[in-house]
Amino acid sequence: MTPRAPIAPYAPAMTNEQHRRATTALVIGGGVGGPVAALALRKAGIDAQVFEAYRPGTGSKGGPLGLASNGLNALSVVGADADLAAAGMPTPRMVISSGTGKVLGTIDTDPSLPGRVTLPRGRISELLQARAEADGVPITYGKRFEGAVDTGRSVIARFDDRTTAEADILIGADGIRSAVRGVIDPSVKPRYTGLVGLGGYIDGPAGIEPTGGDFRMIFGRRAFFGYLSDGAQTGWFANMPYRRLEDADLRNTTFDQWMSRMRAAFADDAGPAMTILDHVTPDGFIPPSPLEDLPHVPVWSKGRIVLLGDAAHATSPSSGQGASLAAESAVELAKCLRDLPVDQAFQAYESRRRARVERVIAEAARTNQSKAAGPVAARFRDAFMPFFMSRFTTPEKTAWQYAHTIEW
Ligand SMILES: Cc1cc2nc3c(=O)[nH]c(=O)nc-3n(C[C@H](O)[C@H](O)[C@H](O)COP(=O)(O)OP(=O)(O)OC[C@H]3O[C@@H](n4cnc5c(N)ncnc54)[C@H](O)[C@@H]3O)c2cc1C
C-alpha cells in the first residue's frame, strides 16, 4: 500500500502499455464476483487482491439465495463449488403455485447438471472469501473504494482511509450501486422493479413439513411468497408490490408494521405463508429492500478499469441468477486476461457475456410483472402459466441458462 498520492481527475489514456497483458489486479468488492475473480485471476497467473468495504461479521446474514447449476459450474473452475454445495440446502426442484393452491408448474434441475443449492446470501460471500484467502488471495476489509486514476500504465485506486493501491488493472465487483461504475460512467442508475423484497431464515421447521428438495413459490393474490425447509432451518422470502416507494417509507416502517402488511397480503392465499410468518422474529428478519436491476449498462470498461457482476449486469432476484452470473463473468474475465492483452481482453469478455446476461435480466423483468399483476392479469397468469411452463421450462428449453459452462 502506498501513501496517498495526489489524485488527478480521471482521464483514461490509451497507450501501448495497454496492449500488454496484465500481471496485477485490484478487485473492488468481496461479495460474490470479487472473490471468484481473484481466484480465477490467480489461476491465470495474475496477482489479485480484493478490497471489501465491510468488516467480516458486520453484514446481514441475508435471505435464501439459490445457486443454479451454471453458477456451480463456474465456481468449479476455481474449486469453490464443493464448499458452497456442502453448506447449502439442496433444492433441485422449484414448484410454482397460485394463491388458490393450484400447481402452475415445476422446474427440475437436469440430473446431468450440478443440483441447485440454496443458502443465506451473506453466507455465500463468507464462504467465497474464506476459499480465496485459503488459496492465498489477500483481502483487505473495511476499505471503501472512492475513486481511481488510470495513468495509462497502471490504475491507482483511492480509498476512504486516504490510502491508495496500484496495479495493472482495476475490477469493479462492487455491486449494483458500484462506485467503480461511477468512475467510468456515472450516468447509470438502478431501475426499481415495483417490488420490495423481505425474507430471512428461521431455526427449526417453522410449523411446516420439510420441503424435500423443493423451493416452493406462490404467486399469491396480492404478493409473492417463497419458502424451503429441511426441518432444521426454514428460509422464506416475500416480494410485495409497491408502485412507488419513498425511502422514508422503508426507513420508518417497523418490523411489526411489515409483519402486519405481509399478513394482510397473504391472508387469503393457500399455502403456509401465514404459519411461517408466525415464526419470524426480528433477529432472523432481513431488512426490506427495493428490488432493482440494470437492464443495460452501456460501458463495461474504460482504459484499465472493468466491471463485473451486479456492477455491470444486475438482474432482479426473480431470475435466481445474479450470483451465478457474477461467478460466470468473473471466470470469463480472468480467462480473457489470461490469454489477451488488457484492451482486447476487456472487449472479448464483454462480447462473450453481454447478450447472455441481458437476456436473463429481460426474462426476470417479465416475471416481475407477473408478481405485481393486478386481479385481472393475475387470473390470466394463473390460467395460462401451466401451458407456458410445461413447454418452456423443460431441461431442453432452459439449457441455455442452466447448462452454461466455461471451458478453462
Ligand atoms: C433479496 C435478494 C435475493 C436474491 N436472490 C438471488 C438468488 O436466489 N440467486 C441469485 O443468483 N442471486 C440472487 N440475488 C442477487 C445476488 O445477490 C447478486 O446478483 C450477487 O450478489 C451479485 O454479486 P456481486 O459480487 O456482483 O455483488 P455483491 O454480492 O453485491 O457484492 C458487492 C460487494 O462490494 C462491496 N462494496 C460495495 N461498494 C464498495 C466500495 N465502494 N468499496 C469496496 N467494497 C464495496 C459490498 O460490500 C459487497 O460485499 C438476490 C438479490 C437480492 C437483493
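Keep in mind that this is a model prediction, so the values were computed, not measured.

Draft legend 1. Looking closely at the site of the ligand. Within the structure, the ligand sits among 29 residues, and G33, E52, F145, D310 and A323 are positioned closest to it. In this structure, R121 approaches the ligand through a side-chain N or O atom, which is 3.0 Å from an oxygen atom. Residue Q321 places a main-chain N or O atom 3.5 Å away from an oxygen atom belonging to the ligand. When residues of the shell around the ligand are assigned to their parent elements, the largest contribution, four residues, is made by helix α10 (residues 322–339). Class assignment for the residues of the shell around the ligand results in twelve nonpolar, eleven polar and six charged.

Draft legend 2. Quick look at a nonpolar patch on the surface. Taken together, the side chains of F380, F384, F387, F388 and F392 make up a nonpolar region of the molecular surface, amounting to roughly 530 Å² of accessible area. The residue F392 is located in helix α12 (residues 375–392) in this model. Residue F392 is classed as partly exposed on the basis of its relative accessible area, which comes to 46%.

Draft legend 3. Region of the structure containing the sheet that holds strand β13 (residues 191–203). Read across the sheet, seven strands follow the order β6-β5-β14-β15-β16-β13-β17 without closing on themselves; strand pairing throughout is mixed. Both edges of this open sheet fall to β6 (103–108) and β17 (285–293), since each of them pairs with a single strand only. Going from strand to strand, the sheet's axes swing by 20 degrees on average, the running direction of each strand aside. Relative to β6, strand β5 (residues 93–98) runs antiparallel, the two sharing five bridges. Among the inter-strand pairings, R93 is bridged to a residue of β6, identified as D108. The strands that helix α7 (residues 255–266) touches are β13, β15 (224–229), β16 (233–241) and β17; relative to β16, the one it contacts most, it runs at about 80 degrees.

Draft legend 4. Up close: the domain arrangement of the protein chain. Under the domain assignment used here, the protein chain contains domain 1 (24–190 + 294–403) and domain 2 (192–292). On a C-alpha basis, the centroid separation for the pair domain 1 and domain 2 is 23 Å. Between domain 1 and domain 2, the residue contacts involve 35 residues of the former and 29 residues of the latter. Taken over both partners, the interface formed by domain 1 and domain 2 buries close to 2700 Å², and the fraction arising from carbon and sulfur atoms is 63%.

Draft legend 5. Structural context of the packing of aromatic side chains. One pass over the full model with this rule turns up eleven aromatic pairs. Seen from their ring centres, F224 and F237 are 6.0 Å apart, and the 35 degrees between their planes marks the pair as tilted. Taken as a pair, F224 in strand β15 and F237 in strand β16 lie far apart in primary sequence, 13 residues in all. Note on F225 and F266: the rings are 5.2 Å apart at their centroids and 70 degrees apart in plane angle, and the pair reads as edge-to-face. Remark: F266 occurs in helix α7 and F225 occurs in strand β15; sequence separation between them is 41 residues.

Draft legend 6. Up close: the pattern of salt bridges. In the structure shown here, the tally under the stated rule is 21 salt bridges. D269 is the partner of R221 in a salt bridge, and the nearest nitrogen-oxygen pair spans 3.4 Å. Of this pair, R221 sits in the loop between β14 (214–219) and β15 while D269 sits in the loop between α7 and α8 (273–278), placing them 48 residues apart in sequence. Overall, R221 belongs to the partly exposed group, its relative accessible area being 43%. The buried category is assigned to D269, whose relative accessible area is 11%. For R261, the salt bridge goes to D249, with nearest N and O atoms at 3.4 Å. Here the residue R261 occupies a position in helix α7, and D249 occupies one in helix α6 (residues 247–252), the gap between them amounting to twelve residues. Relative accessible area serves as the criterion here: at 26%, D249 is assigned to the partly exposed category.

Scoring rules and cut-offs
Residues numbered from 1 in each chain as written. Predicted model: local features only at pLDDT ≥ 70, side-chain atom pairs only at ≥ 80, totals over all residues. Heavy atoms only, no water. Near = heavy atom within 4 Å. Polar contact = N/O pair within 3.5 Å; in protein donor to acceptor, adjacent residues only side chain to side chain. Helix = DSSP H or I, 4+ residues; strand = E, 2+ residues; numbered from the N terminus. Nonpolar A, V, L, I, M, F, W, Y, C, P; charged D, E, K, R; others polar. Patch = residues over 30% accessible without salt bridge, like charges linked within 9 Å, V, L, I, M, F, W, Y side chains within 5 Å. Areas by Shrake-Rupley, 256 points an atom, 1.4 Å probe, with all protein chains shown as cover. Salt bridge = Lys/Arg side-chain N within 4 Å of Asp/Glu carboxyl O. Buried < 20%, exposed > 50% of the residue type's maximum accessible area, 1.4 Å probe, protein only. Pairing = 2+ DSSP bridges. Axes fitted to C-alpha atoms, helices over the stretch in contact; angles between N-to-C directions. Contact = heavy atoms within 4.5 Å. Domains from an automatic or database assignment. Buried area = accessible area lost by both parts, 1.4 Å probe. Phe/Tyr/Trp six-rings, centres within 6.5 Å; stacked < 30°, edge-to-face > 60°.

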